[in-house]
Amino acid sequence: MRITLEELELHPIVVSKTYSPGALDYHGAEFHQVAPLQVNAVAELRGAEIQVRGRLGTSLEASCDRCLGSVVIPVERDFDLCYRPVSTMPRAEEVELPQDELEVGFFSGDGIEFDDVVTEQVILSMPMKVICKADCRGLCPVCGSNLNVEKCGCLPTAEISPFSSLKKS
Ligand SMILES: [Zn+2]
Ligand SMILES: [Zn+2]
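From a predicted model like this one, the values you see are computed outputs, not experimental measurements. Per chain, residue numbering runs from 1 following the sequence as it is written. Throughout, the order in which chains and ligands are written sets their labels, letters from A for the former and numbers from 1 for the latter. A pLDDT threshold of at least 70 governs which residues receive local features in this predicted model, and a stricter bar of 80 or more applies before side-chain atom pairs are shown or counted, although totals over entire chains, interfaces and linings include all residues. Note that the side-chain values use all heavy atoms of the structure and ignore hydrogens as well as water.

J.: Give me the lowdown on the coordination of the zinc ion (ligand 1), citing residues and values where you can.
T.: For the zinc ion (ligand 1), the full set of protein donor atoms is Cys64 (SG), Cys67 (SG), Cys132 (SG) and Cys136 (SG), at a range of 2.3 Å. Its four donor atoms give the zinc ion (ligand 1) angles of 105 to 113° at the centre, a pattern that matches the tetrahedral case. Donor atoms: N, O and S within 2.8 Å of the metal, or within 3.2 Å for Na, K and Ca. Because water is excluded, sites can look incomplete. Binding-site remark: the zinc ion (ligand 1) is held by donors from one chain whose sequence spacing is C-x2-C-x64-C-x3-C. Here Cys132 lies in the loop between helix H2 (114-125) and helix H3 (164-168) and Cys64 lies in the loop between strand E5 (49-63) and strand E6 (70-85), a separation of 68 residues in the sequence. Working rule for geometry: tetrahedral if four donors all subtend angles between 85 and 135 degrees; square planar for four, octahedral for six, if opposite donors exceed 155 degrees and the others stay between 65 and 115; irregular in every other situation. Each helix corresponds to a stretch of at least 4 residues labelled H or I by DSSP, and each strand to a stretch of at least 2 residues labelled E; elements are numbered beginning at the N terminus.

J.: I'd love a proper account of the environment of Ile50, names of residues and values included.
T.: Tracing the chain through its elements places Ile50 in strand E5. Setting aside residues no more than four positions away along its own chain, Ile50 makes contact with Leu5, Leu8, Glu44, Leu45, Leu81, Cys82, Tyr83, Phe107, Gly111 and Ile112. The contact criterion used is simple: two residues touch if any of their non-hydrogen atoms lie within 4.5 Å.

J.: Any details on unusual backbone geometry? Residues and values, ideally.
T.: Despite not being glycine, His27 shows a phi value in the positive range, around 55°. Among the secondary structure elements, His27 is positioned in the loop between strand E2 (13-19) and strand E3 (32-33). The phi angle at Leu68 is positive, at roughly 70°, despite the residue not being glycine. Note that Leu68 resides in the loop between E5 and E6. Using a relative accessible area of 56% as the deciding quantity, one classes Leu68 as exposed. A 1.4 Å probe rolled over the protein chains alone gives each residue an accessible area, and that area as a share of the maximum for its type sets the label: buried under 20%, exposed over 50%, partly exposed in between.

J.: Describe the nonpolar core, with residues and values.
T.: Grouped together as the largest cluster of nonpolar side chains are 34 residues, with contacts concentrated most on Leu37, Val52, Phe114 and Val118. Elements supplying a minimum of two residues to this core: E2, strand E4 (37-46), E5, E6 and H2. Top element by residues in this core is E6. It accounts for six residues. Beyond its immediate chain neighbours, meaning those up to four positions away, Leu37 contacts Lys17, Thr18, Tyr19, Leu24, Tyr26, Leu56, Gly57, Thr58, Val118 and Val122. Among buried residues, the Ala, Val, Leu, Ile, Met, Phe, Trp, Tyr and Cys ones that are joined through side-chain atoms within 4.5 Å form a nonpolar core.

J.: Describe the packing of aromatic side chains, naming the residues involved and giving the relevant values.
T.: Working definition: an aromatic ring pair is given by the centre-to-centre distance plus the angle between the planes. Here the aromatic set is Phe, Tyr and Trp, taking the six-membered ring for Trp, and pairing holds for ring centres within 6.5 Å; pairs whose planes are under 30 degrees apart are stacked, those over 60 apart are edge-to-face, and all others are tilted. For the coordinates displayed, the defined rule picks out one aromatic pair. Ring plane angle 50° and centroid distance 5.1 Å describe the contact between Tyr26 and Phe31, whose orientation is recorded as tilted. The exposure class of Phe31 is buried, given its relative accessible area of 6%.

Nothing here speaks to function; it is all geometry.
What follows is the structure, encoded as structure tokens:
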């Protein structure tokens, strides 16, 4: 759905929406949405800017960085975003935005696409590192066995460095 300046000039827009898995395109991100995504938000006009505040919740599934096993990550995210007309976009030499204005975006034309706002917030809510459990033992760098499941006996664990598989091959 599109949030237009024309409508915002009349009143704030309240959105309450549920996206089924597959409804949003995460641009090839390395996770899947595995539960309905619920989002509640309000968009308001602040001068020439569009402010969007709200909260979303869903569950994402991704691969463990160590053992490649599947991990389901519950996600809750509050957001408070500000979109400025693209005509006010700073030129390259003045891009240093103050710390409290990091979540500033730009829009062109008659408004913003709400689905794009949600998509971006979901992508941002993915943790940088995905680990299935704190003590995940990962895969054996020599034979590829999942060390959470089996002990392959290639090397004592202490001697396995992340680079040992490179040396062997
Ligand atoms: Zn793991
Ligand atoms: Zn092994």
